[in-house]
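# Observations on the model geometry
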Amino acid sequence: MIFGHKKNILFLSQKIKEGNLAHSYFFEGISQIGKKKVAIELAKYLEGDHNLSFFDFTQKQECLCKICNQIDKSIFPDVEVVTVQEQKSEIGIKNIKEIERKSSLATPFPFKIFIFDESQNFSHQAISALLKTIEEPRKKSFFIFVGQNSAFLPQTILSRLQVLRFTPLSKNEIIDFLEYNNIKNYNKKIIDLSMGRPGLVFNLALDNSFKKYYNIIVRFLINFNKTPIYKRLEFIETLNKVELLNDFLDLGVIWFRDLLILKETGNYINLKSFQDTLETQMKEIDIEDIKKIINNFEEVKRTITFYNVNARLLVENLVLGL
Ligand SMILES: [Zn+2]
């Protein structure tokens, strides 16, 4: 069962019905909203014998047929998820050569599907090598790139991909997701802090150690303008250790945007359950400063996404300048 992303799922469902599916897609959007999940479900649907539309396939309980089961266990021969963890390693040219070789092999199944997760971690050589595979796709090859932003790819590759933009889930969709998974211990704060990301709300509701560290971010944002320099440095040190620098950037942008919205219109904000705190902060900070802070957050996020830079140093400068 997939929550949210109805527009994209309907689009793909329609393309399949028309026999008009492209050879390559880029599923683009912020992390932890379920892009890879849609890719996997699409792979299951295409490889198996499912007697309903792709849209209907995604709106019911997980299929337990043999092929779906094997894809879930990553043992199905013609669906491969190529994954690397952010900033830890890159997908190298060797992997691409191997993919090229595999995509040329015969198969009794309808497709040979390759899902490239966190595809911003491809090396430049790997991307160049991939171009040939994408340019002249074998009949059964089907490629899905999954990543936060497709703009890192050269135009030569991008022009051969169809980019589908994925957006965060609504609060109601997040609640449906939690209820469906029988997760009861959530509250308004958790829903707000999840920013429409099922992956994040799952961790916040079920992973106590993650929740503990995430709360450090929340506490920092609540007190940021009263936090002395040495405490700010400690904060960054902790975030870096537990690999939550990106989570801080994501929540920070939402936090300061809410401050700006409150200041300018007083209207609807994302983090409703923090309204009192935000209203107090709003009176203490100048509107131009809030705009500058948002720009700085976005600049740091962009730089980290597109360049191989020391994220810690950038975030540290950002936090010292708040
Ligand atoms: Zn199935």
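Every value quoted in this text rests on a predicted model; they were computed, and no experiment measured them.

When its secondary structure is counted, the chain shows 16 helices and five strands. In terms of C-alpha radius of gyration, the chain reaches 21 Å, essentially the compact-globule figure of 20 Å for 322 residues. For the chain, the spread of C-alpha atoms along the three principal axes comes to 65 × 40 × 35 Å. Buried residues in the chain amount to 36% of all 322 residues. A sequence separation of at least 24 residues applies to 73% of the contacts in the chain between residues at least 6 apart.

This next bit is on the nonpolar core. In this structure, Phe27, Ala39, Ala43, Ile115 and Val315 are the most contacted members of the largest nonpolar core, which totals 78 residues. Residue assignment places this core across two domains, with domain 1 (6-165) and domain 2 (207-320) each supplying three or more. When sequence neighbours within four positions are dropped, the list of residues in contact with Val315 reads Ile236, Leu245, Phe248, Leu249 and Val300.

It is worth spelling out the confidence of the model for the chain at this point. Confidence in the prediction for the chain averages 91 pLDDT; 97% of positions are at 70 or higher. The spread of mean pLDDT over the elements of the chain runs between helix α5 (residues 93-103), the lowest at 76, and helix α3 (residues 54-58), the highest at 98.

According to the domain assignment, the chain consists of domain 1 (6-165) and domain 2 (207-320). Computed over C-alpha atoms, the centres of domain 1 and domain 2 are 33 Å apart.

Our focus in this paragraph is the sheet that holds strand β4 (residues 141-147). Pairing in this open sheet of five strands is parallel, and the strands run β2-β3-β4-β1-β5 from one edge to the other. What marks the edges here is a single partner per strand, and that holds for β2 (79-82) and β5 (162-165). Strand-to-strand twist of the sheet, defined as the mean angle between neighbouring strand axes without regard to direction, takes the value 20 degrees. The pairing of strand β3 (residues 112-116) with β4 spans five bridges and is parallel. Bridging from a neighbouring strand, Ile115 pairs with Ile144 of β4.

Here we come to the packing of helix α8 (residues 171-180) against helix α10 (residues 198-206). Axis separation between α8 and α10 bottoms out at 10 Å; the angle between their running directions is 55 degrees. When the axes of α8 and α10 are compared, the pair comes out oblique. For the pair α8 and α10, the crossing hand works out as right-handed. Within the contact between the two elements, α8 uses Ile174, Phe177 and Leu178 and α10 uses Pro198, Val201 and Ala205. Considered class by class, the residues forming the contact of α8 with α10 number six nonpolar, no polar and no charged.

So, about helix α13 (residues 245-264). Over its 20 residues, α13 runs 28 Å from end to end, which matches the ideal 28 Å to within 8%, given 1.5 Å per residue. Residues of α13 that are buried in the fold lie against α9 (188-193), α11 (208-223), α12 (229-241), α14 (275-284), α15 (287-306) and α16 (311-320).

Where α13 contacts α15, the axes come no closer than 9 Å and their chain directions differ by 155 degrees. Put simply, α13 runs roughly antiparallel to α15. Two packed elements cross with a definite hand, and for α13 against α15 that hand is left-handed. Along its contact with α13, which presents Leu249, Gly252, Val253, Phe256, Arg257, Leu259, Leu260 and Lys263, the element α15 presents Ile287, Ile290, Lys291, Ile293, Ile294, Phe297, Glu298, Val300 and Lys301.

Analysis parameters
- Residues numbered from 1 in each chain as written.
- Predicted model: local features only at pLDDT ≥ 70, side-chain atom pairs only at ≥ 80, totals over all residues.
- Helix = DSSP H or I, 4+ residues; strand = E, 2+ residues; numbered from the N terminus.
- Rg over C-alpha atoms; globule rule 2.2 N^0.38 Å.
- Buried ≥ 20, exposed ≤ 12 C-beta atoms within 10 Å, placed from the backbone.
- Contact = placed C-beta atoms within 7 Å.
- Core = buried A, V, L, I, M, F, W, Y, C linked by C-beta atoms within 7 Å.
- Domains from an automatic or database assignment.
- pLDDT = per-residue confidence, 0-100.
- Pairing = 2+ DSSP bridges.
- Axes fitted to C-alpha atoms, helices over the stretch in contact; angles between N-to-C directions.
- Parallel < 35°, antiparallel > 145°, perpendicular 65-115°, else oblique.
- Left-handed = near helix turned anticlockwise from the far one by under 90°.
- Nonpolar A, V, L, I, M, F, W, Y, C, P; charged D, E, K, R; others polar.
- Expected span 1.5 Å × (residues − 1).

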